[in-house]
Amino acid sequence: MKQLISGIHHVALKCQGTEAFEQTVHFYRDILGMKVARSWGEGRNAGIMLDTGSGLMEIFANAQDVREQGAIRHIALAAENVDACIDAVRAAGYEVTIEPKDIVIASNPPYPARIAFCIGPVGEEIEFFHVRES
């Protein structure tokens, strides 16, 4: 079988409010030394992507709750062909929650991508993520 996944693109964390967001950004950026790849918004609409060296850590300030499984909301897997990934998980009987679609993340700089989401075997949310050319 051909491997469809080429790596982890990003891990997303949702923080309840700006204080938790600032503490989380401080930890990953200032303590662990991750560089800012892009950021957007302010206050509860703030978000940032930090470079882990082999992927990104995405942090949001807008969580409404803390889920039982903790602050991690989804795993984004880098994929050359998002549609093929969705075809494969659908054929295997897994739930697709967001069909493949092209987006542009309104960040600085803008970030065009093709994405789709499914639910994994133990209930984890998985995003398939392909960076599109600008």
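See the structure above.
Let us look at the sheet that holds strand E7 (residues 111-119). Reading across the sheet, the eight strands line up as E2-E3-E4-E1-E5-E8-E7-E6 and stay open at both edges, with mixed pairing between neighbours. The open sheet has two edge strands, strand E2 (35-40) and strand E6 (96-105), and neither has a second partner. Averaged over all pairs of adjacent strands, the angle between their axes in this sheet comes to 25 degrees, without regard to strand direction. The pairing of E2 with strand E3 (residues 47-51) spans five bridges and is antiparallel. Within E3, the position partnered with Val 36 by the bridge is Leu 50. Sheet strands touched by helix H1 (residues 17-31): strand E1 (5-14), E2, E3 and strand E4 (56-60). Its angle to E4, the strand with the most contacts, is close to 165 degrees.

This brings us to the environment of Gly 120. By the element assignment, Gly 120 lies in the loop between E7 and strand E8 (125-131). Sequence spacing of Gly 120 and Thr 18 is 102 residues, and the spatial spacing of their C-alpha atoms is 30 Å. Aside from chain neighbours lying at most four places away, what touches Gly 120 is Tyr 94 and Ile 126.

Rules behind the numbers
Residue positions are given per chain, counting from 1 as you read along its sequence in written order. With the structure being a predicted model, the display of local features is reserved for residues of pLDDT at least 70 and the display and counting of side-chain atom pairs for 80 or more, all residues being used for whole-chain, interface and lining totals. Where side-chain values are given, they derive from all heavy atoms of the structure, hydrogens and water being excluded. One requirement defines pairing of two strands: DSSP has to find at least two bridges between them. A run of H or I in DSSP becomes a helix once it reaches four residues, and a run of E becomes a strand once it reaches two; helices and strands are each numbered from the N terminus. Simply put, an axis is a line fit to the C-alpha atoms, just over the touching stretch for a helix, and the angle between two N-to-C directions goes from 0 to 180 degrees. The contact criterion used is simple: two residues touch if any of their non-hydrogen atoms lie within 4.5 Å.

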